[in-house]
Amino acid sequence: MFDAMTDTKRRVKLYALNADRQWDDRGTGHVSCTYVERLKGVSLLVRAEADGALLLESKIQHDTVYQKQQDTLIVWSEADNFDLALSFQEKAGCEEIWEKICSVQGKDPTIETTQDIVEESEDERFDDLSDSAPPVELPLCEIGRLKEIKDLFITCMATPLNKDRLAEAIENDGYVRKLVKLFNLCEDLNNLEGLHCLYDIVKNIFLINKNALFEMLFADDIIFDVIGCLEYDPTLPIRKYHRHHLKNVSKFKEVILITNLELLNKIHQTHRVQYIQDVVLPTPSVFEDNMLSALSSFIFFNKVEIVTLIQEDEKFLPDLLGQLQDESTPDSRKLELVQFLKEFCNFSQNLQPPQKEGFFRTLTSLGILPMLEMTLMSEDVNIKQAAIDILTILVEFSPSVIREYILQQSSDTVTQANGNEVELMLMNVIIEQMICDTDPDLGRAVQLMGVIRVLIDPENMLPSLSKVEKTDFLNYFYKHSVQILIAPLLANTVDGVPARDDYQNAQLLAHILELLTFCVEHHSYHIKTCILNKDLLKRVLVLMKSAHKFLVLGALRFMRKIVALKDEFYNRYIMKGCLFGPVIDCLLDNNGRYNLLDSAIIELFEFIKLEDIKILIAHVVENYGKKFEHIDYVQTFKALRIRHSQQTEKLKEKPITNCSVTVSTGRFRRDPRQIEDEEEIWFNNEDDEFDDGEAVVPHTGMTGSTEITASEQLESIGKSIDKKCEGSSTKIFGTTVKTTPVMNNNLVATPTLSSSPEESKNSSLLKKALVDYEGDSDEEEDENGDLKSPTKRPRYT
C-alpha cells in the first residue's frame, strides 16, 4: 500500500455527480485495482492521500458501462443518477487501470467505452446477441448514398446495442473525416438535399454521446466543417450562419499574451464546443434526459483545466490586475481586460469549494477588490456592468472575504487620513453606485442591492469567529454607510410629501426600503437606534402619499415589520409620533376598494388584535376610533373597539397591588412585571426636556399602584419628568438629590440636584448613571447630525 501511495502515476481525484448535475470533488488519493474478498470480485479502491482513508470501494461489474475520456478520465455509473469519475494525474496511470477494467469485463482496451446501458426489459433480448452480433457495415461515403447512410444511422440509434456498434464502426473507419470531405463537396455543388442528409447524420453522431467521437468531431482542422453540417437543418426555413458568427463576430481577443499553447488551444476548443451545445444543437427538451451528458462533462473538465492553467501562470493574473488598476490604462483596454476577468470568474464556478476558495484568495491577494472600486465608478457602462458581475460572483461565494477587506480598509482610512476620511471605501462605493444608477429600469441597482443584502446578512457571517464579525461589521455599516443608504429617502421626505414622485425615483426608494426592512428583521438594536435617532419611520410613512402603489406598499411593509417585533421602544415611538395616522388616512383614501393595499392595512391591525398588543390597541382606538367606526366590511376595527372596552373594564375592576418600585437609601427593587422605566426615560431623553441640574427617578408607588390606560401612562412619563419637588435628600450614585413624598398612595420621587458647584458639575453624569450598558454597540448623532461614538443598549443594575 505504501508503494501505491507514493506512485504519482496512480494519483487521482475522485468526483461524484450531484443532483444538480455538477461534479463534486470527493478527495484526492491513489487508486488500485485488486481482488476484495468481502465483495467477491476485483474492485477499484481509492485511498486518501492525506491519511490513507478509503474514499472508494467499487466492484467492477460485468454489465457496468465504463468510459475513458480525454486520456486521463474514467467515468461510470454505480446506480441510477449516481455517476463517478476518476481524474488521473498521468495518462499512463489511466491506461493501466483502464486495461484492468477491460480485462475483468473481457473487453478490448483500445476502445473508449466498455459497453452501453440497456434497460432491464432488453437484457434478455440482447444477452445472446451481444457477443455474436455482426459489426455495422457503413456504406461508402458518396453523394449518391447519403440518404442510405442517414437511414442506417436512424435505424441504429433505435437500440443501445446497434448504437454502440455504430460508434465502433465510425471510430474504426475514420468516418467523420470522410463525411466532412463529402460536406465540402456538397456545399461546393450547392447540393441542398445532400446537405440536409449530412445534418441528420452529424446530429446523430452527437446523440451517440461517446467521448471518443467528440474528440474526432472537435479536432481543430475539421470542427468548423462539423459546425457547417449543422447549419443545414431541414426543419428551419432559414439557414443559420454559425461559422460566420464564430469566425467574424465572436473573434478571440488575446488581452494578455498567452504563451502556453496548451492553454490557448483549450480556450478555443471550449468556446466552440460551448457554442455548439448552447446554440447549434437543438434544444435539450427534444431529447431524453441527460442525452448529451458526455458533452457536458467534456466542457466541464475543459473549464476546470483552463482555470488551473491560468492560475498556475505566475505572470498572467498579476499583469492583468496591474493594468486594470493603472489609471493610465485607456477605457477601451480596461473593457477588454475586465470582460476577460469576468469570463475567467465564470469558469471558476466549475471548481469545487476548496479549489474555488483558494482561487478567490489568490485574486484577493493580487488586489482584485481595490480594482473593483475603481471600475465600479467608471463612466463606461460596460466596464461598470462587468465589475458588478465579478463582485456578485465574489460576494456570493465568500462574503466574509469582502467584509474582512472592508473592515481593514476602514481601519487604514482612520489611520492614514488623520481625521479626514478621504479614501474610498468599497461598501460606500457599492451603495453610491446603487443610488446613482442611470439605467431607467435600475437593473444595476437591483444587482447591487443583492450584493449589499448578502454583505449585511448576519446569517452568513462566520460562526467560527463568534460575534466578532457580526459586531464589527454591523458597527462599521451603521457608522459609515447607513447614512449614505438612507440619504435619498430623507431628502425626498423633508416637507411631509414626496419631493420627487417619478417612476425611477420611486423604484430606487422601494429598493432602499427593502434593504431597511431586511435590517429591521435581522439587525435588532443597530437599526432601532438609527430609526429613533433619524425619526426614520415617520419619514418613511410620508411615502404613503406616493402615486406609486408599490412604493406605498413598501412603506407599509416597513412599518409592519416594526410592529411585528412587539418591541416596547418601537411601540412608544409609534404612539408618541402618532404614526398610525398616515396609515389610517391611506386606508380612508382607498375608500374600501378591494385591492392589495386595503388588505395589507387591514392585516396590520388584525395582527395587533390577534397578538393582543394592549398599548397599541388602546392608542389606536382612543385616537382614531371615530375615523374608522363606519368601516363595517371587515370586523377588525369593531373587534379592536371591543377588545379595548374589555381592557378598560378589567383595569377598573383590578384591585390595588403592592408597589412596583420602592426607594430605600438610593437603591431600587424592581418588580419584573413592570414596564422598564429607565428605558422609558432613555427613550424620552430625545426631547432634551431636562435641565442640566436635573435627574430623573421613575414614577413609583409606596404601598400600591393604580392602573391607568395606555395613553395616560404614556402622558404620565412627561409629567413626572417635569415635576420638581423639594424635600428630604438622599444619595444616588454618589450625587445628592432631593425627594418629596406625596401622600396619595403613590410616591412621586423627582430628585433635584443640589446646587453646589461640585454636584452641578456632575449633573450630566447622573443621567447616565441611571442605566448601565450591554450588548451590541450603535451610534448617536452629534450636533451636526453626523454619527459619533457608539452608545450601548441600556440594562438595569
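Further up the page is the structure itself.
Basis of the calculations
Residues numbered from 1 in each chain as written. Predicted model: local features only at pLDDT ≥ 70, side-chain atom pairs only at ≥ 80, totals over all residues. Heavy atoms only, no water. Helix = DSSP H or I, 4+ residues; strand = E, 2+ residues; numbered from the N terminus. Buried < 20%, exposed > 50% of the residue type's maximum accessible area, 1.4 Å probe, protein only. Salt bridge = Lys/Arg side-chain N within 4 Å of Asp/Glu carboxyl O. 1 Å grid on protein atoms, 1.4 Å probe; cavity = no way out; pocket = protein on both sides within 12 Å on 5 of 7 lines; lining within 4 Å. Points joined across faces, edges and corners; volume = space filled by probe spheres on them. Nonpolar A, V, L, I, M, F, W, Y, C, P; charged D, E, K, R; others polar. Patch = residues over 30% accessible without salt bridge, like charges linked within 9 Å, V, L, I, M, F, W, Y side chains within 5 Å. Areas by Shrake-Rupley, 256 points an atom, 1.4 Å probe, with all protein chains shown as cover. Lys, Arg positive; Asp, Glu negative; His and termini not counted. Charge placed at Lys NZ, Arg CZ, Asp CG, Glu CD. Axes fitted to C-alpha atoms, helices over the stretch in contact; angles between N-to-C directions. Parallel < 35°, antiparallel > 145°, perpendicular 65-115°, else oblique. Left-handed = near helix turned anticlockwise from the far one by under 90°. Contact = heavy atoms within 4.5 Å. Phe/Tyr/Trp six-rings, centres within 6.5 Å; stacked < 30°, edge-to-face > 60°. Lys NZ or Arg CZ within 6 Å of the ring centre and 35° of its normal.

**Q** Help me understand unusual backbone geometry, please; the structure alone is not making it clear to me.
**A** With the exception of glycine, the majority of residues adopt a negative phi angle, and the majority of peptide bonds are in the trans configuration. Phi at Asp535 takes a positive value of approximately 50 degrees, unusual for a residue other than glycine. With respect to the helices and strands, the residue Asp535 is situated in the loop between helix 24 (525–534) and helix 25 (536–541). Among the residues examined, Asp535 registers a relative accessible area of 29% and is labelled partly exposed. Positive phi outside glycine occurs at Asp612, with the angle close to 55 degrees. With respect to the helices and strands, the residue Asp612 is situated in the loop between helix 29 (596–610) and helix 30 (614–628).

**Q** I'm lost on the pattern of salt bridges in this one. Help?
**A** If the charged atoms of two oppositely charged side chains come close together, the side chains can form a pair. Following the criterion strictly, the structure yields 32 salt bridges and no others. In this structure, Glu148 engages Arg145 in a salt bridge whose closest nitrogen and oxygen atoms are separated by 3.1 Å. When its relative accessible area of 28% is taken as the criterion, Arg145 is described as partly exposed. Where Glu606 meets Lys609, a salt bridge forms, and the shortest distance between an N and an O atom there is 2.7 Å. Within this pair, Glu606 and its partner Lys609 are both found in helix 29, separated by 3 residues, close to a single helical turn. Residues participating in the shared-partner salt-bridge network are Glu187, Glu231, Arg239 and Arg243.

**Q** What should I look at first to understand empty space enclosed by the protein in this one?
**A** The method is simple in principle: a probe with the dimensions of a water molecule rolls over the atoms, and the space it marks as empty is what remains. All told, the structure shown has 6 cavities of 30 Å³ or more when counted by the stated rule. In this structure, the largest cavity spans a volume of roughly 90 Å³. The wall of the largest cavity is formed by Ile111, Glu112, Thr113, Asp164, Ala167, Glu168, Glu171, Lys210, Ala212 and Leu213. When contributions to the lining of the largest cavity are tallied by element, the ones reaching two or more residues are helix 6 (160–173) and helix 9 (211–217). Here the lining of the largest cavity takes 4 residues from helix 6, the largest share from any one element. Of the residues contributing to the lining of the largest cavity, the split by class is 4 nonpolar, 1 polar and 5 charged.

**Q** Honestly, a negative patch on the surface in this entry has me stumped. Any pointers?
**A** A cluster of acidic side chains, namely Asp71, Glu95, Glu99 and Glu215, defines a negative patch on the protein surface. One can find Asp71 in the loop between strand 5 (66–69) and strand 6 (73–79).

**Q** Sorry, what's going on with the packing of helix 18 (residues 381–397) against helix 21 (residues 443–455) here?
**A** Between two packed helices, both the angle of their axes relative to each other and the distance between the axes serve to describe the pair. Contact geometry for helix 18 and helix 21: axes closest at 10 Å, N-to-C directions at 25 degrees. When the interaxial angle is binned, helix 18 and helix 21 end up roughly parallel. Crossing handedness for the pair helix 18 and helix 21: left-handed. Along its contact with helix 18, which presents Val381, Lys384, Gln385, Ile388, Asp389, Leu391, Thr392 and Val395, the element helix 21 presents Arg444, Gln447, Leu448, Val451, Val454 and Leu455. A per-class count over the contact of helix 18 with helix 21 returns 8 nonpolar, 3 polar and 3 charged.

**Q** Teacher, can you tell me more about the packing of aromatic side chains here?
**A** Two descriptors summarise a pair of aromatic rings, namely the distance from one centre to the other and the angle between the planes of the rings. As enumerated under the stated definition, the model contains 19 aromatic pairs in all. Geometrically, the ring pair formed by Tyr66 and Trp76 is tilted, given 5.5 Å between the ring centres and 35 degrees between the ring planes. Placement of Tyr66 in strand 5 and of Trp76 in strand 6 is noted, with a sequence separation of 10 residues between them. Here the two residues Tyr66 and Trp76 agree in accessibility, since each one is buried. A ring pair is formed by Phe580 and Phe605, whose centres lie 5.6 Å apart and whose planes are at 40 degrees; its orientation type is tilted. Taken together, the residues span a long stretch of sequence, with Phe580 in helix 28 (residues 580–590) and Phe605 in helix 29 at a distance of 25 residues. Phe605 carries the same exposure label as Phe580, and that label is buried. Within the aromatic cluster, the residues linked to one another by ring pairs are Tyr15, Trp23, Phe300 and Phe301. Cation over ring: Arg403 sits above Phe473, and NZ or CZ is 5.9 Å from the ring centre.

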